[in-house]
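# Understanding the architecture of this molecule
Here is how the chains run, residue by residue.
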Amino acid sequence: MSAKGWSQSQIARAIGKSPAVINQYLQDKYQGNIAALEEDLRQFLNRETEKSRSQKLCACFVPTVTARRALEVIRMAHLDGEINVIYGDAGMGKTMIMRQYAAENRDAVLIEADPGYTARVVLEELCSKLGLNRRGNIHELSDSCVNALRDSGRLLLIDEAENLPYRALEMIRRIHDKAGIGVVLAGMPRLIINLKGKRGEYKQLYSRVAFALPLGDVLPRNDINDIAVSVLPDAAEPAVSDELFNASRGNARRLFKLLRGVHRHSLISGETVSTEAVRKMSEMLIN
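The numbers attached to residues start from 1 for each chain and follow its sequence in the written order. Residues qualify for local features only when their pLDDT is at least 70, as the model is predicted, and side-chain atom pairs are given and counted only at 80 or more; totals for whole chains, interfaces and linings, by contrast, use all residues. Excluding hydrogens and water, the side-chain values take into account all heavy atoms of the structure.

## What to know about the pattern of salt bridges
Pairing is possible between side chains that carry opposite charge, provided their charged atoms lie close to one another. This is how it is decided: Think of a salt bridge as a Lys or Arg side-chain nitrogen and an Asp or Glu carboxyl oxygen that are within 4 Å of each other. Each helix corresponds to a stretch of at least 4 residues labelled H or I by DSSP, and each strand to a stretch of at least 2 residues labelled E; elements are numbered beginning at the N terminus. Only protein chains enter the area calculation, which uses a 1.4 Å probe; residues under 20% of their type maximum are buried, those over 50% are exposed, and those in between are partly exposed.
This structure, assessed with the given rule, holds 11 salt bridges. Taking the shortest distance from any N to any O, the salt bridge between glutamate 39 and arginine 42 comes out at 2.7 Å. Here the residue glutamate 39 and the residue arginine 42 both occupy positions in helix 3 (residues 34-53), the gap between them amounting to 3 residues, near one helical turn. You can call glutamate 39 partly exposed: its relative accessible area is 34%.

Laid out in structure tokens, this is it:
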């Protein structure tokens, strides 16, 4: 506890006990099964020691060719006050790109939509981001957002926008029209269907879109190589690079899972990253 700065409550949560149990144990006043408690603590400490040795890999933004194209589309929406769309399969890096732009531009507002988002939930979330009161009916919330954003030159980023129903998308369109701000919607390919309607009946909505960038379902070979090397330098070895690209199927999310697996295998075995390790890890991924 002293070395890691842990509290008694943190230890208790980690082993499924109450803080009172840890407090009593530390004071030699615990009347329960001490052997069982110490075994729980021993397993916890062993697990934490292993974690500290594992050098956990962290995914970070890499300015690949695809990422730079997407950032340019976002920038265009920001500067021109337009609605732009970025769509592609899962694992193409859309979320990381949106977060990167928001991190670099404090006047950008990022909302990450969930399946349960309604028009009202979107407005409440936007009000929270803008520091506005979330109370009132949907029209009052919309007016508050428009007044706060009008002529501000800000940008609204909405990730996983395919989760939004038509009414929520229409609400965003109205805020764009009235406030004059840029909007970027990012999501899976069905986002385009949601914008157009099954029979193209939402023309008032999709006609506002200036540019729509399709990312497809496979990243270019160079993108996969750049991401792999940024996470794991050993991936620069040509044979390993080839195996990673084939096993990842051009998908950044699948690639990172592979990298994390082969990295851990290397730490445990003491061996360098190899094509065989990549193949073994790929066999455990869901196809």
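## Observations regarding the state of the cysteines
Put simply, the rule is: Two cysteine sulfur atoms form a disulfide, by the criterion used here, when they sit within 2.5 Å.
Enumeration according to the criterion identifies 0 disulfides in this entry. With no disulfide of its own, cysteine 127 has cysteine 145 as its nearest cysteine by sulfur position, at a separation of 3.7 Å. Overall, cysteine 127 belongs to the buried group, its relative accessible area being 0%.

## A closer look at helix 11 (residues 221-231)
Note the threshold: Note: the arc covers the axis-to-C-beta directions of the helix. Two residues form a contact once any of their heavy atoms are found within 4.5 Å.
For helix 11, the set of buried residues is Asp223, Ile224, Ile227, Ala228 and Val231. Projected down its long axis, helix 11 carries its buried residues within an arc of 125°, all on one side. Buried residues along helix 11 sit against helix 4 (65-80), helix 12 (238-248) and helix 13 (252-269).

## Here's the deal with the domain arrangement of the protein
Put simply, the rule reads: Delimitation of the domains relies on an automatic or database domain assignment.
As assigned here, the protein comprises domain 1 (8-53), domain 2 (65-216) and domain 3 (221-284). Computed over C-alpha atoms, the centres of domain 2 and domain 3 are 34 Å apart. On the domain 3 side, the residues contacting the 5 residues of domain 2 number 5 residues. At the junction of domain 2 with domain 3, the criterion picks out 0 salt bridges.

## Thoughts on the pairing of strand 4 (residues 182-187)
Defined as follows: A strand pair is defined by DSSP finding two or more bridges across the two strands. Clockwise travel from the first strand over the helix to the second, with the strands pointing away from the viewer, marks a crossover as right-handed.
The buried count for strand 4 comes to 6 of 6 residues, which makes it a mostly enclosed element. As paired strands, strand 3 (residues 155-159) and strand 4 are joined by 4 bridges and run parallel to one another. Its bridge partner lying in strand 4, leucine 157 is registered against valine 184. Tracing the backbone out of strand 3, into helix 8 (residues 166-179) and back to the parallel element strand 4 gives a crossover that is right-handed.

## A few points about the nonpolar core
Which entries qualify depends on this criterion: Here the nonpolar core consists of buried residues drawn from Ala, Val, Leu, Ile, Met, Phe, Trp, Tyr and Cys, with membership extended through side-chain atoms lying within 4.5 Å.
If you look at the biggest cluster of nonpolar residues, it comprises 45 residues, and the most contacted ones within it are Ile74, Ile86, Leu155, Leu157, Val184, Leu244 and Leu259. For this core, the two domains that each supply at least three residues are domain 2 (65-216) and domain 3 (221-284). When near neighbours in sequence (up to four residues on either side) are disregarded, leucine 157 contacts Ile74, Met98, Tyr101, Ala102, Ala108, Val109, Leu110, Ile111 and Val184. Judged by nonpolar contacts, the second largest core, of 33 residues, contains Val109, Leu126, Cys127 and Leu149.

## Let's talk about the packing of aromatic side chains
Here the distance between the centres and the angle between the planes together describe a pair of aromatic rings. Operational definition: Pairing of aromatic rings covers Phe, Tyr and Trp, the last counted by its six-membered ring, and requires centre-to-centre distances within 6.5 Å; plane angles under 30 degrees mean stacked, over 60 mean edge-to-face, and any other angle means tilted.
One pass over the structure, following the stated rule, counts 2 aromatic pairs. Note on tryptophan 6 and phenylalanine 44: the rings are 5.2 Å apart at their centroids and 50° apart in plane angle, and the pair reads as tilted. With a gap of 38 residues between them, tryptophan 6 in the segment before helix 1 (8-15) and phenylalanine 44 in helix 3 connect regions that are remote in the sequence. You'll find tryptophan 6 and phenylalanine 44 in the same group, each marked buried. On the basis of an interplanar angle of 25° and a centroid distance of 4.0 Å, the ring pair of tyrosine 166 and tyrosine 202 is categorised as stacked. With tyrosine 166 in helix 8 and tyrosine 202 in the loop between helix 9 (190-196) and helix 10 (203-206), the pair connects residues that are 36 residues apart, well separated along the chain.

## Side note on the environment of serine 144
Following the sequence through the fold, serine 144 ends up in helix 7 (residues 138-149). With relative accessibility at 30%, the residue serine 144 sits in the partly exposed group. Serine 144 sits 11 residues away from asparagine 133 along the chain, and the two C-alpha atoms are 8.4 Å apart.

## Comments concerning unusual backbone geometry
A positive phi angle is found at glutamate 160, which is not glycine, with a value near 55°. On the secondary structure map, glutamate 160 appears in the loop between strand 3 and helix 8. Looking at glutamate 160, the relative accessible area reads 33%, which means it is partly exposed. A positive phi angle, close to 60°, is found at arginine 249, a residue other than glycine.

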